[in-house]
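Remarks on the overall topology
The residues making up each chain are set out below.
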Amino acid sequence: MPKPLWAPWRLEYIAQADEQPGCVFCDEAAGALDAAASLLVHGSEAAIALLNKYPYSSGHLMVSPRRHVGDLSGLTDDEALEIHHLAATGVDTLDRVYEPGGFNLGWNLGRVAGAGIADHIHLHVVPRWAGDTNFMPVLADVKVIPEHLLATRDRLRKAWTSG
């Protein structure tokens, strides 16, 4: 029988997410963030792919429409297709750069489903490795992410276009 793994830091993040000014997806899509601090990996006409500032693992991407939309049914056909395309390219890029054993892809639709930013829809692309969950989050409320986000961003930006 599997035992539950609790992640208390997620509740803390979700509880304060609405208090953050602006929208990170809109800010990244508009280029409003300082280029050195931006987590944008790739942008297309209809969608963007950026690193999650609060990742489950190294390389955790979020793919969203450029347009601020909160409902899956509110996406245009072009946006839905481009989000799917960027997610597939993200999986391919992450696979080439980090060689994970698998991936989780998913939508958290609504606050109770775990959406930290519920009013701008986004698809998570999470690379996974065998044994990537360890005791640190449970005992010390610490997640071990082996590479700095900006280094991950730079590696993925370079590999995204060279694939």
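Here is a short report on the structure shown in this document. (Residues numbered from 1 in each chain as written. Predicted model: local features only at pLDDT ≥ 70, side-chain atom pairs only at ≥ 80, totals over all residues. Heavy atoms only, no water.)

Our next topic: the overall build of the protein. Within the protein one finds five helices and five strands. Sequence-ordered secondary structure for the protein, helices as α and strands as β, is α-α-β-β-β-α-β-β-α-α. Taken across its 163 residues, the protein has 39% of its residues classed as buried. For the protein, contacts bridging at least 24 residues in sequence account for 65% of all contacts bridging at least 6. (Helix = DSSP H or I, 4+ residues; strand = E, 2+ residues; numbered from the N terminus. Buried < 20%, exposed > 50% of the residue type's maximum accessible area, 1.4 Å probe, protein only. Contact = heavy atoms within 4.5 Å.)

With that out of the way, let us pick up the pairing of strand β2 (residues 47-51). Most of β2 sits out of view: five of its five residues are buried. Here β2 shows two buried faces, one formed by Ala47, Ala49 and Leu51 and the other by Ile48 and Leu50. Connecting strand β1 (residues 40-43) to the antiparallel partner β2 that follows it, the hairpin turn spans three residues. With five bridges connecting them, β2 and strand β3 (residues 61-65) associate as antiparallel partners. Within the sheet, the bridge partner assigned to Leu50 lies in β3 and is Met62. (Pairing = 2+ DSSP bridges.)

Turning next to the nonpolar core. Proteins that are soluble and globular tend to have nonpolar side chains buried together. Leu61, Val63 and Leu156 are the most contacted members of the largest nonpolar core, which has 21 residues in total. Looking at this core, the elements that each hand over two or more residues are β2, β3, α3 (77-98), β5 (123-128) and α5 (149-162). No other element matches the six residues that α3 contributes to this core. Beyond its immediate chain neighbours, meaning those up to four positions away, Leu61 contacts Val41, Leu50, Leu51, Gly90, Leu94, Leu123, His124, Val125, Leu156 and Trp160. (Core = buried A, V, L, I, M, F, W, Y, C linked by side-chain atoms within 4.5 Å.)

With that out of the way, let us pick up the pairing of β1. Here is the key point about a regular strand: its side chains alternate between the two faces of the sheet. Note: β1 against β2, three bridges, orientation antiparallel. Bridge pairing links Gly43 to Ile48 in β2.

Our next topic: the side chain of Asn52. With respect to the secondary-structure elements, Asn52 resides in the loop between β2 and β3. Of note is the side chain of Asn52, whose polar atom sits 2.7 Å from the backbone nitrogen of Tyr54. In contact with Asn52, not counting residues within four places along its chain, are His60, Met62, His124 and Leu149. (Polar contact = N/O pair within 3.5 Å; in protein donor to acceptor, adjacent residues only side chain to side chain.)

We now examine the sheet that holds strand β4 (residues 102-107). What holds strands together in a sheet is hydrogen bonding between their backbones, with the strands either parallel or antiparallel. What the five strands build is an open sheet, ordered β1-β2-β3-β5-β4; its pairing is antiparallel. Looking at the sheet topology across the chains shown, the edges are occupied by β1 and β4. Across the sheet, the axes of successive neighbouring strands diverge by a mean angle of 20°, strand direction being ignored. Lying over the sheet, α3 contacts β1, β2, β3, β4 and β5, oriented at roughly 160° with respect to β3. (Axes fitted to C-alpha atoms, helices over the stretch in contact; angles between N-to-C directions.)

Right, let's talk about the pattern of salt bridges for a bit. Taken as a whole and assessed by the stated rule, the structure comprises three salt bridges. A salt bridge links Glu79 to Arg67; the nearest nitrogen and oxygen atoms lie 2.7 Å apart. With a gap of twelve residues between them, Glu79 in helix α3 and Arg67 in the loop between β3 and α3 connect regions that are remote in the sequence. Close ionic contact of Asp92 with Arg96 constitutes a salt bridge, the shortest N to O distance being 3.3 Å. Taken as a pair, Asp92 and Arg96 lie in helix α3 at a separation of four residues, close to a single helical turn. Exposure remark for Asp92: the relative accessible area of 39% places this residue in the partly exposed category. We classify Arg96 as partly exposed; its relative accessible area is 36%. (Salt bridge = Lys/Arg side-chain N within 4 Å of Asp/Glu carboxyl O.)

Bringing unusual backbone geometry into the picture now. The backbone phi angle of Glu99 is positive, close to 50°, even though this residue is not glycine. When you line up the elements, Glu99 lands in the loop between α3 and β4.

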